[in-house]
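Each chain, letter by letter, is given below.
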Amino acid sequence: MFWGKSRNIVVALEVGSTKVVAAVGEIRPDGTLALLGIGEGPSGQVRKCEIVDFEVAQGCVRDALAEAELKTDVVIAEVYLAISGAHVRSSNSRVSLAINNDGDEITPEHLQELHDMATAQPLPADHAIIHHLLQHYVLDDGSSTDNPVGLASKQLTAHFHQVYGLATRLQTTIRCVKELSIDVKNYALSSYATAQAVLTRNQKQLGAVVINLGGGVSDYIAYQKGAVVYTGVLGVGGDHLTNDVVSGLKIPYAKAEQLKKTEGSVILDPAEEEERVTLPGAYNFEERQIHRVSLNTIMQARQAEIFEIILEDLQNAPFWPDFAGTVYITGGASQVKGLIELAAQIFPCPVELAHQSPFDGDQNYSRRPDLSTLLGLLQYARQAELEVPATKGFARVSQSLRRALASMKLF
Amino acid sequence: MIEFTHDGPFAEKADPLFPGRVRIIGLGQTGTAVCDQLVLRGRPSQDLWVLDSDQQTVEGSIVPNRHLLGQSLVHGLGCSGDIELAREIVAMEEEQLASAGSGCDFLILALGLAGSTGVALAEHLIQMGHKAGAKVIVVGVQPFGFEGLSRREKSIRAIADLRRDADSVLVLSPDRITEDSHAMKDVRTGFHVMHQLLAQAAQALSQIVCKRGLIQLSFADVRSLYGRYSGSEVLENCWVAHVEGDIHDSVEDMVQQLFACPLLSDESIWKHVDHAIVAVNGTCDLGLSDVQQLVGVFKDRLPVNIPIATSASLDEETHEKVRMTVLLAMTGPGVVEKPAVEPQPVKKPRPVSDTVPLPGRPAKLKLEPTATEPAPAKPKMAPAPKAKPAPVPVEKYVPAPVEEEVLLEVESVATPTGPGRKSSGKRFVAKQEEMQFEAPTRGRFEKTHETMYNGENLDQPTFRRRRLAIKL
């Protein structure tokens, strides 16, 4: 094992409904990020991105981190964690401040004061903040800017997009990691992390909606003029497609998952009306013939419903009437056949499959849409690390010692 | 100067978690009679309204909140079946109707489907209700067979139009009660029985969608039975039976009375019925075991094996009383005759300025097209069969003969004893063994909290909620 002062290692961890994945990256001295490797394992007892059985889930996290350590030869002491779940909510808020100094000039202190005011805003009971994302500042004449320092105005208003979730659910996920004596350095909303991996600055400026179709949930985030204007989480994902196939065709879950991936499509083709798919037999499963149209009908109904709900939610948001961007789709469940065609039928705007931005390092994972969130989280971590100096020296040593002691207890 | 604003789901304007304000609106002559029945049955907890263009009907109603429409246009004489005239009245009274369609979470519209004022008002109120965020359920009754071809055609067209826009449409056929000797004693009694049945259906629906009780059903259950059709339209899709008794009465007697209700005493309905909702309402002494016993006996007496969903609620005002209402449903295309008229697009009120005003009507009516808002869970219906150019022959309702294969499956289609029953002489055997108080399993998501959206549980398979046919 090797780690040293010269290496600035960041680790991203996602506890998903289908799998737990941990990515290890290194921030080079020039500020670029290189992916060292990824550890992954199947997720157990996590449904809709919420932990159902703590011990089983913790075991899965431990396995994924251990594999990542093994592959990258890095001791993981702290992670950035992806957060999601149907409990996550968002809202837009604004705070205003009167500028009373000489010449009404806006200073960095004013911006800090606005930020403090925004963070002090009350949340619904039992909720905790996940993000305060600045959208833009508005001056007293109504003009908006991203950096008002040095400008003169009698009033300054800051528009924020805040994301919050149920504190208990957030604590459970964080505790699941912390009890392995690994610090959670920071966390980010999954969709926000995903956007860092698949959107360029220009796309954010033009307007974009990123839909991350995961196993348990479908996250989505909307950008307009470079700022986050809307986020949402729908507690329905690819697992629901599989569950529907199980229920409709009366086959085991594993067979349904395999059938969905290999034969399923969310587009109904009249030519396949009489076509049948053979499910190979196993020692406890007799070979069966499935009507392809039945499989596709089940999947199409569910996937169309997911898109329709997301579209309805977006259409109710204030930004939608002015939205002229593109919908980008990614996530593990985006690999199903016919998905983009179906989405194009539902969304009244261009729809594309999202592509990850190029990154340095291990390129084995560059074409996997199910890792968009993880790789985006690494980018998020890189930005955070460049803004705040990383924990080094004695603090890091003590973390490793604590972890070693905890591992002895666990085993 | 510090200003905080929120537009998130917890803002003040956000909907309450459990909406439950129900408004029942009687439209036209039939709807007015239904609301009168609700008032007669006791102090209704729902917000009752009555709207009609016939002065005699409105003034004769005992509902406090009643409104005469189109006074300046038809002078209180009604529309006499002229749907275009009724739509003009609706356009003229838009302001008054706006208040009727807003301020509630569920709107139950009761009407006769062959009427003109009722249908025109229903079309408008569905749109108003949806705009205000309310779910709209229509409870309608077809005309009697002897009322004539034109009224029957009008009702078929109205059903198709209303089903396209409303969240749920319950259609009852009065021809069923022609088999009941008590109901057919005279015309007045026949109509009275029909109005009572509609009132019972409306009250049961309001209980299901808003009252919280021992066993809770929701609007989603109603919509799943009466709101979606996979492939083809059906006309009659609802059969209602209601019984009231003392909490100390014999359960068997109550259920026997239930089966003696006019619509259930017609044994041919069991060919069509495929789902049932039982709504039990009683005093605070009503326990789960009582509900279980009631539903259990009912299930034992059912001649067919169908899933039963049960709702039980408590009402402090019903002293030692138990009310049991059964809503039977046909959700598939079934064997009922298909509509001869395809759904027509919603007709916009024709601009009066372009036409020669009729005598007695104002010449300058400013009519603006109302924005159409799609229903939140509009079923994706396949187009109904093409309308035949030739007039549809009058079909007097004749109970369909029980087919051999049904007999084999059901063993007996006889109903329990009642004044109008037709017994086959055999004792029927119930197939269903267990009560289904709970929703179907959610499979992999059983341990998680439910994902609800617009009253639908998204953890349940979509194809099942939308009743899509799956070939196995």
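None of the values given here were measured: they were computed from a predicted structure. (Residues numbered from 1 in each chain as written. Chains lettered and ligands numbered in written order. Predicted model: local features only at pLDDT ≥ 70, side-chain atom pairs only at ≥ 80, totals over all residues.)

### Topic: the overall build of chain B
When helices and strands are counted, chain B shows 13 helices and 12 strands. Here chain B, with 472 residues, has 47% of them falling under the buried criterion. Across chain B, every contact between residues at least 6 apart in sequence was considered, and the portion connecting residues at least 24 apart equals 78%. (Helix = DSSP H or I, 4+ residues; strand = E, 2+ residues; numbered from the N terminus. Buried ≥ 20, exposed ≤ 12 C-beta atoms within 10 Å, placed from the backbone. Contact = placed C-beta atoms within 7 Å.)

### Observations regarding the overall build of chain A
Along chain A, the regular secondary structure elements total 11 helices and 19 strands. Evaluated residue by residue, chain A yields a buried proportion of 47% over its 411 residues. For chain A, long-range pairs separated by at least 24 residues make up 71% of all intrachain contacts whose partners lie at least 6 apart in sequence.

### Structural notes on the interface of chain A and chain B
Each partner contributes residues to the interface: chain A has 37 residues there, and chain B has 27 residues. In terms of residue count, the dominant contributor to the side of chain A that touches chain B is strand β7 (residues 89–98) of chain A (9 residues). Counted by class, the side of chain A that touches chain B contains 14 nonpolar, 14 polar and 9 charged residues. (Nonpolar A, V, L, I, M, F, W, Y, C, P; charged D, E, K, R; others polar.)

### Considering helix α2 (residues 108–119) of chain A
All names here are of chain A. Its 12 residues give α2 an end-to-end C-alpha distance of 17 Å, which sits within 8% of 16 Å, the value for a rise of 1.5 Å per residue. Among the residues of α2, H110, L114 and A118 are the ones counted as buried. Axial view of α2: buried residues confined to an arc of 80°, hence all on one face. Exposed and oriented more than 90 degrees from the buried face of α2 are P108, E109, Q112, D116 and T119. Buried-residue contacts for α2 involve β7, β8 (127–139) and β10 (155–166). (Expected span 1.5 Å × (residues − 1). Arc of directions from axis to C-beta.)

### Some details on the sheet that holds strand β6 (residues 78–83) of chain A
Residue and element names in this part refer to chain A. The strand order across the open sheet formed by 6 strands is β11-β6-β1-β2-β3-β19, and the pairing between neighbours is mixed. Each edge of the open sheet is held by one strand with a lone partner, namely β11 (183–189) and β19 (360–361). Where strand β3 (residues 33–42) lies against β19, 2 bridges are found, and the strand directions are parallel. Note on β19: the bridge partner recorded for L35 is G361. In the packing of helix α1 (residues 54–72) onto the sheet, contacts are made with β1 (8–15), β2 (19–27) and β3, and the angle to β3 comes to roughly 140°. Packing against the sheet, helix α4 (residues 190–198) makes contact with β6 and β11, and its axis sits at approximately 80° to β11. (Pairing = 2+ DSSP bridges. Axes fitted to C-alpha atoms, helices over the stretch in contact; angles between N-to-C directions.)

### Details of the environment of L134(A)
All names here are of chain A. In this fold, L134 is placed in strand β8. On the basis of neighbour count, L134 is assigned to the partly exposed category, with 16 C-beta atoms found within 10 Å. Spatially, the C-alpha atoms of L134 and N92 are 9.8 Å apart, while their sequence positions differ by 42 residues. Beyond its immediate sequence surroundings of up to four residues, L134 is in contact with A158 and F160.

### Brief notes about the packing of α4(A) against helix α10 (residues 372–387) of chain A
Residue and element names in this part refer to chain A. For the pair α4 and α10, interaxial distance at closest approach is 7 Å and the crossing angle is 85°. The orientation of α4 with respect to α10, classified from their angle, is roughly perpendicular. Taken together, the residues of α10 that come into contact with α4 (itself represented by S190, A193, T194, A195, Q196, A197 and V198) are S372, T373, L375, G376, L377, Q379 and Y380. Among the residues making up the contact of α4 with α10, the classes are represented as 7 nonpolar, 7 polar and no charged. (Parallel < 35°, antiparallel > 145°, perpendicular 65-115°, else oblique.)

### Details of the sheet that holds strand β9 (residues 144–145) of chain A
Two pairing modes exist for strands in a sheet, parallel and antiparallel, and in both the strands are linked by backbone hydrogen bonds. All names here are of chain A. With respect to topology, 4 strands assemble into an open sheet ordered β7-β10-β8-β9, the strand pairing being antiparallel. The sheet is open, and its two edges are formed by β7 and β9, each paired on a single side. Pairing of β8 with β9 involves 2 bridges; the strand directions are antiparallel. Bridging from a neighbouring strand, Y137 pairs with T145 of β9.

### What to know about the environment of L259(A)
All names here are of chain A. Structurally, L259 is set in helix α7 (residues 253–262). According to the C-beta neighbour criterion, L259 is buried, with 20 such atoms within 10 Å. Not counting residues within four places of it along the chain, the set of residues in contact with L259 comprises V245, G264, L279 and L295.

### Let's talk about the environment of Q293(B)
On the secondary structure map, Q293(B) appears in helix α11 (residues 288–301). Placed 41 residues apart in sequence, Q293(B) and E252(B) show a C-alpha to C-alpha distance of 9.3 Å.

### Quick look at the confidence of the model for chain B
Residues and elements named next belong to chain B. Overall, the predicted model of chain B reaches an average pLDDT of 71, with 66% of residues at or above 70. By mean pLDDT, the top-scoring element of chain B is strand β4 (residues 106–112) (90), and the lowest-scoring one is helix α12 (residues 404–410) (37). Confidence over residues 8–19 falls short of pLDDT 50; this stretch has 8 contacts with residues more than four positions distant or in other chains. Below a pLDDT of 50 lies the segment residues 433–439, which in the model reaches 10 contacts outside its immediate sequence neighbourhood of four places, other chains included. (pLDDT = per-residue confidence, 0-100.)

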